[in-house]
There are 2 protein chains.
Amino acid sequence: MINEHYKEMLGHKSVIRELAEYAAERGREIGYDNVYDYSLGNPSVPTAPEYTREVIRLHEEEDPVKLHGYSPSLGNDKVRCVLADYLRNRFGLPYEKKHIFMTSGATGAIAHAVRAVTKPGDTILTFAPFFPEYMPYINGAGVSLSVVPADTRNFQIDFDKFEEMLTEDIAAVLINSPNNPSGAVYSSDTLERMAKLLRKKEEEYQHDIFLISDEPYREIVYDGKTVPYPAAFYDNTLTCYSFSKSLSLPGERIGYVAANPSARDADIIALMCGQISRGIGHNCPSSTSQLGMAAAIDKTADLSVYETNRNILYEEFKKLGFDVVKPEGTFYIFPKALEDDAVAFCRKAMKYDLILVPSDNFGVNGYFRVAYCIGTDKVRRSLPVFEKFVKTEYFL
Amino acid sequence: MINEHYKEMLGHKSVIRELAEYAAERGREIGYDNVYDYSLGNPSVPTAPEYTREVIRLHEEEDPVKLHGYSPSLGNDKVRCVLADYLRNRFGLPYEKKHIFMTSGATGAIAHAVRAVTKPGDTILTFAPFFPEYMPYINGAGVSLSVVPADTRNFQIDFDKFEEMLTEDIAAVLINSPNNPSGAVYSSDTLERMAKLLRKKEEEYQHDIFLISDEPYREIVYDGKTVPYPAAFYDNTLTCYSFSKSLSLPGERIGYVAANPSARDADIIALMCGQISRGIGHNCPSSTSQLGMAAAIDKTADLSVYETNRNILYEEFKKLGFDVVKPEGTFYIFPKALEDDAVAFCRKAMKYDLILVPSDNFGVNGYFRVAYCIGTDKVRRSLPVFEKFVKTEYFL
């Protein structure tokens, strides 16, 4: 019998996807060049040439039976070793192959991490603003998501509210730094305070509280900074990663879960993930994509365009009088809307072919997300349009 | 907190995987050429050259930003159209793009099909012998699996037992033709009787009973026959497919669910699958693999080696006095063991470096599975070893 729950879900589609579909449709009418589509987080720069060269070489030179054979359910052995070496050298934690589980993108990584450290009925705590898909990801495991309200001053963490909500029934905490949608990067100070509080509550409640750290934007950080690595601050951390943004490979769906070698049961978490896969129909990434990624493990796409775009848009939003925090990473900026109702604000913007995403689904009201992973030329062309929109609709 | 359920599952590993690991280890000791590893269903022939050529061309010629961009969560639009056209032309059912949902292999296909037409607490009926991974796949959706005992005369269906077990609480029926492990192909007569019975019970119980048809071996069929297509017999059918065997691409994880256009809610089942994905962390296959497959949609790897091997082994097992049904497809043969305890039988075979899989996990006792997707040379070399094993251990 048709499952009524999923049938009903069709009524509640992703706002972001719907906006992107509108933008594509409008593009067919007036030319996509004339639609300022800031809706989707789809990278706009080509992948590293090392990836492409390796995939071509594999198909030209390797035995296709071996190349396309089943990889072990935890991922290609060699690739897991390459990843462990890379993480060990970069972050100084003693990762080995056994700590790495290859996943189908960050989506697959979060699906496994959540199931590994919670059980149905549990609650996970996250922080606003947050990626709206966390809700179905977490609920799909039978787990509830509680949201600590945003600290809108700088989109770090409001520790008073965090401590208040970190009650005994919280099984895990989910963070995302650099953050979609705010572009904030959790500082070392924020991560140190968080780790201290988690350790205190673990002691008090006499149970583990795992930190699930979703880091697909780790490599997109500005002003020559680097992103503090959450697992280096807190032992019970599962790091979730995807190469979608750093290597501009979202369609290849290459991700992983890395268990901090000092975490509880660190040696068996990847094995447990293999068991979780059986129940949710998960397979590790394509064998050729895994090998291609391993050949480009220390490379990224040329990500500089995002910083250029950030600078242009941040200056423009300041100039136009928006209340806006300067993003330190990702390819998003998250200004306060010019009226309380962000949906109304974004609807008005659509009249000017500006496609912006209202913040309500990110757990904050009254803001909007601008995904500036588009060409700088289009960003520049959108500036007078933003100005016209704001002046006409809000008399600024 | 670490999930104790998955931790406990680590104690119950897949017997097939363990045997394959033993075979690999033994291979390192005495040379893998000397291990007659009949454990794993890993194709042994190269993929179609059309696939390889297209993947190389895509990487050499296409814009990498477009090529590796996110594909829609239901799969690449063009690829879904190609598949719908192919299925429509081949099987005469009016498939359109909207009926096709791209999945990460057959595993992903079954995960979605099951959730689309059952709800937690429901029961699905399948037939022995069955692929053991069905158990975690189905249980992972919160659904129980009931097994109709095998008709060991020919591994078609025992309709008396089937009707008896097709009670009002059965939400769906899962079949696998050609069958892993028996190699049986459900005849048109079997499928016609099954459809008739399902329609009768739908009428009687006043609810839909979906047929989930798992068909990864559809193209591996012998003696110039074709496999009757279950959806052509029964409207409420979800066809689950993988290109792992037909195109020898198991590591690329390319599969799909196709909803029979006459099924209940056929127009929204693929959309529902998109919602299901969000809760289980599923992503559609790699965009490049999808496009490569589309270029080889009407091709297969050269599958003739499997028929050669079937012929050799079937004759040998008959000669040695085994009770065995001649496989009509797949690359498996499923003879009766020479003692009631199939595990003991297979353990004795290991002394001769014959790696066979006992039948217990397939829902039948006293049989063993031989996966003959290996080189014909090795099959031939294994014949005197089978003979020695049987004569020494069972005095035949």
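Residues numbered from 1 in each chain as written. Chains lettered and ligands numbered in written order. Predicted model: local features only at pLDDT ≥ 70, side-chain atom pairs only at ≥ 80, totals over all residues. Heavy atoms only, no water.

**Student:** For the packing of helix α6 (residues 105-117) of chain A against helix α10 (residues 266-280) of chain A, give the residues involved together with the corresponding values.
**Tutor:** Residues and elements named next belong to chain A. One way to put it is that α6 packs onto α10 with a least axis distance of 9 Å and a crossing angle of 110°. When the interaxial angle is binned, α6 and α10 end up roughly perpendicular. Considering only the axes of α6 and α10, their crossing is right-handed. For the pair formed by α6 and α10, the contact residues are A111, H112, R115 and A116 on the first element and M272, C273, I276, S277 and I280 on the second. Here the residues of the contact of α6 with α10 are counted per class, giving six nonpolar, two polar and one charged. (Axes fitted to C-alpha atoms, helices over the stretch in contact; angles between N-to-C directions. Helix = DSSP H or I, 4+ residues; strand = E, 2+ residues; numbered from the N terminus. Parallel < 35°, antiparallel > 145°, perpendicular 65-115°, else oblique. Left-handed = near helix turned anticlockwise from the far one by under 90°. Contact = heavy atoms within 4.5 Å. Nonpolar A, V, L, I, M, F, W, Y, C, P; charged D, E, K, R; others polar.)

**Student:** Explain the interface of chain A and chain B to me, using residue names and the numbers behind them.
**Tutor:** Contacts between the two partners involve 80 residues from chain A and, on the opposite side, 79 residues from chain B. When chain A packs against chain B, the two sides together hide about 6,400 Å² of surface, and 57% of this comes from carbon and sulfur. When the area that chain A buries against chain B is broken down by residue, the three leading residues are M1, Y70 and R278 of chain A, summing to 15%. Taken together, the connections running from chain A to chain B amount to four salt bridges. Put simply, D265 of chain B and K7 of chain A hold a salt bridge, and the shortest N to O gap is 2.9 Å. (Buried area = accessible area lost by both parts, 1.4 Å probe. Salt bridge = Lys/Arg side-chain N within 4 Å of Asp/Glu carboxyl O.)

**Student:** Requested: an account of the pattern of salt bridges, with residues and values cited.
**Tutor:** Residues and elements named next belong to chain B. Scanning the model with the defined rule gives 62 salt bridges over all chains in all. Notably, a salt bridge pairs D208 with R264, separated by 2.6 Å at the nearest N-O pair. In this pair, D208 is assigned in the loop between α9 (188-205) and β6 (210-214) and R264 in the loop between β8 (254-259) and α10 (266-280), connecting sequence segments 56 residues apart. Take R264: its relative accessible area is 47%, and that puts it in the partly exposed class. (Buried < 20%, exposed > 50% of the residue type's maximum accessible area, 1.4 Å probe, protein only.)

**Student:** Can you break down the sheet that holds strand β7 (residues 237-242) of chain A residue by residue, with the values?
**Tutor:** All names here are of chain A. With mixed pairing, the seven strands of this open sheet are ordered in space as β2-β8-β7-β6-β5-β3-β4. Each having just a single partner strand, β2 (100-104) and β4 (144-148) make up the two edges of the open sheet. Taken over all neighbouring pairs, the strand axes of this sheet differ in orientation by 25° on average, direction set aside. Two strands pair when backbone bridges link them, and strand β3 (residues 123-127) and β4 are joined in this way by five bridges, in the parallel orientation. (Pairing = 2+ DSSP bridges.)

**Student:** Kindly report on the relation of the copies chain A and chain B, identifying the contributing residues and their values.
**Tutor:** Taken as rigid bodies, chain A and chain B are interconverted by a rotation of 180° and an axial shift of 0.0 Å, the fit giving an RMSD of 0.0 Å. Interpreted geometrically, this transformation is the action of a two-fold axis. Most of the interface of chain A is mirrored in chain B, where 99% of its interface residues again form contacts. (Least-squares fit on C-alpha atoms with pLDDT ≥ 70 in both.)

**Student:** Provide a residue-level description of the sheet that holds strand β12 (residues 368-371) of chain B, including the pertinent values.
**Tutor:** All names here are of chain B. Spatially, β9-β12-β11 is the arrangement adopted by the three strands of the open sheet, whose pairing is antiparallel. Across the chains shown, the open sheet's two edge strands, defined by having one partner strand only, are β9 (332-333) and β11 (357-358). As defined by bridge partners, β11 adjoins β12 across two bridges and the pair is classed as antiparallel. The residue bridging P358 from the neighbouring strand is F368, located in β12.

**Student:** Break down the pairing of strand β5 (residues 170-176) of chain A for me, citing the residues and quoting the values.
**Tutor:** All names here are of chain A. Here β5 lies mainly inside the structure; seven of its seven residues are buried. Of the strand pairs in this sheet, β3 and β5 are connected by four bridges, and their pairing is parallel. Bridge pairing in β5 places I124 opposite A172. As paired strands, β5 and strand β6 (residues 210-214) are joined by five bridges and run parallel to one another. Paired with I175 across the bridge in β6 is S213. Handedness of the crossover joining β5 and β6 through helix α9 (residues 188-205): right-handed. (Right-handed = clockwise from strand over helix to strand, strands pointing away.)

**Student:** Mind laying out the confidence of the model for chain A, listing which residues take part and the relevant values?
**Tutor:** With 100% of its residues at a pLDDT of 70 or more, chain A shows a mean pLDDT of 96. Confidence estimates for the predicted assembly give a pTM of 0.96 and an ipTM of 0.95. (pLDDT = per-residue confidence, 0-100.)

**Student:** Any details on the side chain of R80 of chain A? Residues and values, ideally.
**Tutor:** All names here are of chain A. You can see R80 is positioned in helix α5 (residues 77-91). One polar contact links the side chain of R80 to the main-chain carbonyl oxygen of I100, over a distance of 2.8 Å. Residues in contact with R80, not counting those within four places in the same chain, are L74, G75, K97, K98, I100, M102 and A270. (Polar contact = N/O pair within 3.5 Å; in protein donor to acceptor, adjacent residues only side chain to side chain.)

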